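# Remarks on the overall topology
Listed below, chain by chain, are the residues.
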Amino acid sequence: DGSVVSWGDPNSGGDSRIFDDLFVDVKKISASDAAFAALLGDGGVVTWGDPNQGGDSSTVQEQLWDVQDIQSTERAFAAVLAS
């Protein structure tokens, strides 16, 4: 159904329950050392985990639509946009 379950250290992305209502049709999950980014079927992205490892995408959230792919490094994420 495209939902997500995570576990482990909540500071490192191990608790994603607060985002359960956003996890619709998840197509891909990428991970940094302590955060996750989920690519949704509608091209949106949800991030959670350590903000210093990419877990807080609020400063770029307006740009994270029509995303085709996401990649990660140890401490960051990058998104490939459709246009």
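Throughout what follows, the structure given in this document is the object of discussion.

Quick look at the sheet that holds strand β3 (residues 45-49) now. Read across the sheet, three strands follow the order β1-β2-β3 without closing on themselves; strand pairing throughout is antiparallel. Every other strand in the sheet has two partners, leaving β1 (26-31) and β3 as the edge strands with one partner each. Between one strand and the next, the sheet's axes are offset by a mean angle of 20 degrees, whatever the strand orientation. In this structure, strand β2 (residues 35-40) lies alongside β3, joined through five bridges in antiparallel fashion. Looking across to β3, one finds that F36 is bridged to W48.

Here the focus is the pairing of strand β4 (residues 67-72). Sheet analysis places β4 next to strand β5 (residues 77-81), joined by five bridges and oriented antiparallel. Bridging from a neighbouring strand, I70 pairs with A79 of β5. The turn joining β4 and β5, which pair antiparallel and follow one another in sequence, is formed by four residues.

Before going further, it helps to examine the environment of V80. Among the secondary structure elements, V80 is positioned in strand β5. Considered as a pair, V80 and W65 are 15 residues apart in the sequence and their alpha carbons are 10.0 Å apart. Among all residues touching V80, those that are not within four sequence positions of it are D66, V67, Q68 and D69.

Quick look at the packing of aromatic side chains now. Within the structure shown, the criterion is met by two aromatic pairs. An aromatic cluster is defined as three or more aromatic residues linked by ring pairs; in this entry it consists of F23, F36 and W48.

Before going further, it helps to spend a moment on the pattern of salt bridges. Between side chains of opposite charge, pairing is possible as soon as their charged atoms come close. By the definition in use, this model includes three salt bridges. Taking the shortest distance from any N to any O, the salt bridge between K27 and D25 comes out at 2.9 Å. D25 gets classed as partly exposed once you look at its relative accessible area, which sits at 34%. Measuring nitrogen to oxygen at the nearest pair gives 2.6 Å for the salt bridge that ties K28 to D69. Taken together, the residues span a long stretch of sequence, with K28 in strand β1 and D69 in strand β4 at a distance of 41 residues. Under the relative-accessibility criterion, K28 is labelled partly exposed at 28%.

About the cut-offs
- Residues numbered from 1 in each chain as written.
- Predicted model: local features only at pLDDT ≥ 70, side-chain atom pairs only at ≥ 80, totals over all residues.
- Heavy atoms only, no water.
- Pairing = 2+ DSSP bridges.
- Helix = DSSP H or I, 4+ residues; strand = E, 2+ residues; numbered from the N terminus.
- Axes fitted to C-alpha atoms, helices over the stretch in contact; angles between N-to-C directions.
- Contact = heavy atoms within 4.5 Å.
- Phe/Tyr/Trp six-rings, centres within 6.5 Å; stacked < 30°, edge-to-face > 60°.
- Salt bridge = Lys/Arg side-chain N within 4 Å of Asp/Glu carboxyl O.
- Buried < 20%, exposed > 50% of the residue type's maximum accessible area, 1.4 Å probe, protein only.

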